[in-house]
Amino acid sequence: MSRGVLGVIALNGLFTLTGLFLLWGIRGLRTWIDLVEQLGIALMLGTASVTMLATLWLIGGEHLSLWIVLVLCAVVAAPAVELAVLRRRSLPRSLGRLPRLSSPGTLVAASFFALAVAFFVALYLVARVNSFITEDSFVFWIPKAQAIYYFGDLDERLFRTLHGASYPILLPTLDAIDFRFMGSADIPNLALQSWFLLAGCLASMAALLRPLVRPWLLWLFVLFAAVLPNLDYRLYLGEADWTVDIFFVLSALFLARWLAMREPWLLVGYGVMLAATFAAKREGALFVACLVGGAVLATVGSRRRWLPLLAVTLAAYATSIPWHIWWSSRHLQPDLPGNWREELTSNLSRIKPAYVVVFRLLFTYDFWLVAAPIACVAALLGLTLAGRVREIAALYLATMTLGVNGLMWIVWSEPTVSLDTHNSTSPIPRAVGSLVLLSAGLAPLLIEPLLSHRRRTDHATSSQHSAPS
Amino acid sequence: MRPLRQVHVAGVRFAGGVLCVVTVAVVLALQLPHRFEWTKSAYDDNSWRSPVRRLIHTGETYDIPTDFQEAALTYVPPRSTFAVLPPPSVEVAQKGYGIPPLTLIELPFWMQFLLLPSRMVDTAHAQYVLCFACNTDPWVNRVSWIWKNDAGEAIGKLNSP
């Protein structure tokens with residue numbers, strides 16, 4: 001195994017350890033099985049929080065060395081440990097309850113789990129030999145990471161010459177941290193970091209939804225999300241699209257579970273993932289606006305929850321302000337076309353074809369199988385229930401509606417974005433990935449109550465929507 | 001009537017939920033073999049490449065020759081400065097050397113990416129020049145050519161004034 005591969009594995013192990021400390025602080029770790037279940041969440045929390053801090057460190061004009069990365073991990077972990085001690089959070093002392101293998105549901109779940117693991121092993125092998133990156137990757141995403149690695153900071157001289165100079169820097173920062181742990185700018189092996197992000201995302205999905213969804217249904221959709229063709233095809237191309245999609249979907253999953261269960265630690269996870277979504281790509285802010293708008297609409301009958309929701313969202317947004325100050329104070333090319341408002345009025349004829357493009361891309365079977373239609377059907381049926389089930393359905397449908405309109409707005413306001421569905425002429429084929437992954441992530445949560453409430457009245461069912469065995 | 005209607009709606013919901021699950025299960029059953037085949041072919045197509053060939057493969061897909069990229073990595077020292085010298089015109093590139101226009105667009109970006117931490121600068125400030133089917137006549141007395149191939153590519157070190 002090369003130094004590069006070992007470096008990526010070591011870094012992700014460190015992120016996981018940092019995330020475990022964070023989880024211990026905010027929720028406690030009950031049993032060893034609970035700890036294993038939370039590994040995906042720990043990885044993603046560690047990755048998002050440490051990389052976010054690293055971006056702020058770089059924006060502050062400081063050099064990012066390997067030692068600084070270790071210090072940043074400690075900066076995340078130390079207050080979490082202090083909180084855990086103060087709040088007397090539990091640490092694992094027993095193994096916990098293993099699932100009964102005699103149950104047919106458990107056996108089916110185990111089959112889907114085994115297939116998902118096998119597919120992830122296959123994806124890992126593809127990452128180990130990955131040889132292709134896209135134009136955006138070699139034009140600016142990876143050169144920014146190389147600059148951070150080689151020159152130690154945000155090299156203004158180089159950034160000024162690159163396309164997308166003002167694009168958020170979470171991915172280049174994460175790549176640069178990988179280079180530090182690899183011991184060199186081992187670009188082909190960056191694909192392994194993308195593999196860890198996807199594995200962490202889907203493991204987090206399983207852990208976050210497990211108290212709400214029966215295991216066989218959950219693992220069916222984890223496997224389904226893993227094999228989405230355009231996800232697999234684009235995963236290793238070195239762009240920030242999947243990075244922003246992954247953090248956006250995790251924000252939505254934390255939020256959905258918080259709406260369902262109201263555990264305070266979920267808001268911490270939501271805030272960390274939201275901050276990473278802002279820092280990953282320009283579209284991140286658009287997706288966050290859609291998600292928060294969807295949450296506000298979904299909880300209109302329970303406005304007490306708006307305050308914590310909006311407070312965490314604003315705190316997450318605040319972390320993106322230093323980057324805006326950095327690039328705008330240096331007069332770098334802005335992240336929106338200067339005349340986009342005028343373009344809206346002069347391009348009214350693009351509205352209808354823009355909708356057609358977005359819908360075609362969202363529902364193309366060869367790209368995304370049936371993720372969006374299935375989740376839409378389940379959500380529409382879920383609206384006929386009351387309480388929390390309806391809230392989750394409304395959250396999904398409102399976020400999707402706002403998201404479709406947001407993507408339409410991109411096509412409408414930028415005449416340079418072509419009205420076809422080709423990857424090289426439009427960002428929309430990549431951008432719809434967020435909404436598709438959101439669909440695959442929330443689908444089991446939307447379907448679960450439909451299967452559970454056959455013989456119950458609407459009112460009774462909604463109040464009993466809790467963890468299935 | 002109301003309980004009957006509720007039972008009916010609950011039945012529709014249940015049927016809808018089952019239909020969603022069955023649809024996803026059928027799609028998975030049909031797709032999973034193809035997805036595993038895709039991973040196998042992606043692995044087989046790339047596993048023969050050395051680390052350097054993995055790095056330069058994207059450049060190859062833009063018709064930037066393998067030997068030119070390898071020579072650039074070999075002869076342009078890290079943290080030096082270089083300039084890319086393109087062909088005299090798109091027509092010359094296309095008719096004389098069979099270089100497509102897209103290659104000329106991507107070439108400087110690719111070489112900057114490939115050779116970082118060396119910096120791409122204008123020719124007045126460069127220590128090295130990467131000639132890509134360029135006209136070498138103006139450079140005869142200013143450059144010591146350290147690598148050349150038969151396809152019109154060369155790498156030279158600018159002589160001290």
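If you're wondering where the values come from, they're calculated on a predicted model, not measured in any experiment.

Novice: Quick rundown of the overall build of chain B? Include the residues and the values.
Specialist: For chain B, the count of helices and strands is five helices and five strands. In chain B, the order of α-helices and β-strands from amino to carboxyl end is α-α-α-β-α-α-β-β-β-β. A compact globule built from 161 residues should have a C-alpha radius of gyration of about 15 Å, whereas chain B, at 28 Å, is more than 25% larger. Expressed as lengths along the three principal axes of its C-alpha atoms, the size of chain B is roughly 100 × 35 × 35 Å. The buried share of chain B, reckoned over its 161 residues, is 33%. In chain B, 65% of the contacts between residues at least 6 apart in sequence involve partners at least 24 apart.

Novice: How would you summarise helix α10 (residues 215-226) of chain A if you had to cite specific residues and measurements?
Specialist: All names here are of chain A. For α10, with 12 residues, the first-to-last C-alpha span of 16 Å sits near the 16 Å given by 1.5 Å per residue. Of all 12 residues that make up α10, 12 are buried, and the element is covered over most of its length. Here α10 has its buried residues at Pro 215, Trp 216, Leu 217, Leu 218, Trp 219, Leu 220, Phe 221, Val 222, Leu 223, Phe 224, Ala 225 and Ala 226.

Novice: Kindly report on the environment of Phe196(A), identifying the contributing residues and their values.
Specialist: Residues and elements named next belong to chain A. Structurally, the position occupied by Phe 196 is in helix α9 (residues 190-209). Each C-alpha atom, one on Phe 196 and one on Ile 9, is 8.6 Å from the other, the two residues being 187 residues apart in sequence. When residues no more than four places from it in sequence are discounted, the contact partners of Phe 196 are Asn 12 and Leu 43.

Novice: Provide a residue-level description of the interface of chain A and chain B, including the pertinent values.
Specialist: In this complex, chain A contributes 42 residues to the contact, which on the side of chain B involves 38 residues. Among the elements of the structure, α5 (104-129), α6 (135-151), α10, α20 (371-382) and α22 (428-452) of chain A are those that each provide at least two residues to the side of chain A that touches chain B. Tallied by class, residues from the side of chain A that touches chain B come to 30 nonpolar, six polar and six charged.

Novice: Help me get a handle on the nonpolar core, residues and values and all.
Specialist: With 215 residues, the main nonpolar core has Val222(A), Ala371(A), Ala378(A), Leu446(A) and Leu130(B) as its most contacted residues. Here this core spans two domains, since at least three of its residues come from each of domain 1 (1-48) and domain 2 (51-158) of chain B. The contacts of Ala378(A), once residues within four sequence positions are left out, are Ala443(A), Leu446(A), Ile447(A), Leu450(A), Gly17(B) and Cys20(B).

Novice: Pulling in residues and values, what's your account of the domain arrangement of chain B?
Specialist: When its domains are assigned, chain B resolves into domain 1 (1-48) and domain 2 (51-158). Here the C-alpha centre of domain 2 of chain B lies 50 Å away from the C-alpha centre of domain 1 of chain B.

Novice: Please give an account of the sheet that holds strand β2 (residues 119-120) of chain B that cites residues and values.
Specialist: Residue and element names in this part refer to chain B. Overall, mixed pairing links the five strands, which are arranged β2-β1-β3-β5-β4 in an open sheet. Only two strands of the sheet have a single neighbouring strand rather than two, namely β2 and β4 (143-148). Relative to strand β5 (residues 153-158), β4 runs antiparallel, the two sharing five bridges. Following the sheet pairing, Ser 144 is matched in β5 by Lys 157. Packing against the sheet, helix α3 (residues 66-75) makes contact with β3 (128-132), β4 and β5, and its axis sits at approximately 15° to β5. The sheet strands contacting helix α5 (residues 101-115) are β1 (81-85), β2 and β3, and the helix crosses β1 at an angle near 155°.

Novice: Let's hear about the pairing of β1(B): which residues, and what values?
Specialist: Residues and elements named next belong to chain B. Strand direction decides the pairing type here: β1 and β2, joined by two bridges, are parallel. The residue bridging Phe 82 from the neighbouring strand is Met 120, located in β2. Bridge count between β1 and β3: four bridges; the pairing is parallel. Directly across from Ala 83, in β3, lies its bridge partner Val 129.

Novice: Outline the packing of α20(A) against α22(A), supporting the account with residue identities and numerical values.
Specialist: Residues and elements named next belong to chain A. For the pair α20 and α22, the least separation of the axes is 8 Å and the interaxial angle reads 40°. By the criterion of interaxial angle, the relationship of α20 to α22 is oblique. Relative to α22, α20 is oriented so that their crossing is left-handed. For the pair α20 and α22, the contacting residues are Ala 371, Ala 372, Ile 374, Ala 375, Ala 378, Ala 379, Leu 381 and Gly 382 in the first and Leu 435, Val 436, Ser 439, Ala 440, Leu 442, Ala 443, Leu 446, Ile 447, Pro 449 and Leu 450 in the second. Split into classes, the residues belonging to the contact of α20 with α22 amount to 16 nonpolar, two polar and no charged.

Rules of the game
Residues numbered from 1 in each chain as written. Chains lettered and ligands numbered in written order. Predicted model: local features only at pLDDT ≥ 70, side-chain atom pairs only at ≥ 80, totals over all residues. Helix = DSSP H or I, 4+ residues; strand = E, 2+ residues; numbered from the N terminus. Rg over C-alpha atoms; globule rule 2.2 N^0.38 Å. Buried ≥ 20, exposed ≤ 12 C-beta atoms within 10 Å, placed from the backbone. Contact = placed C-beta atoms within 7 Å. Expected span 1.5 Å × (residues − 1). Nonpolar A, V, L, I, M, F, W, Y, C, P; charged D, E, K, R; others polar. Core = buried A, V, L, I, M, F, W, Y, C linked by C-beta atoms within 7 Å. Domains from an automatic or database assignment. Pairing = 2+ DSSP bridges. Axes fitted to C-alpha atoms, helices over the stretch in contact; angles between N-to-C directions. Parallel < 35°, antiparallel > 145°, perpendicular 65-115°, else oblique. Left-handed = near helix turned anticlockwise from the far one by under 90°.

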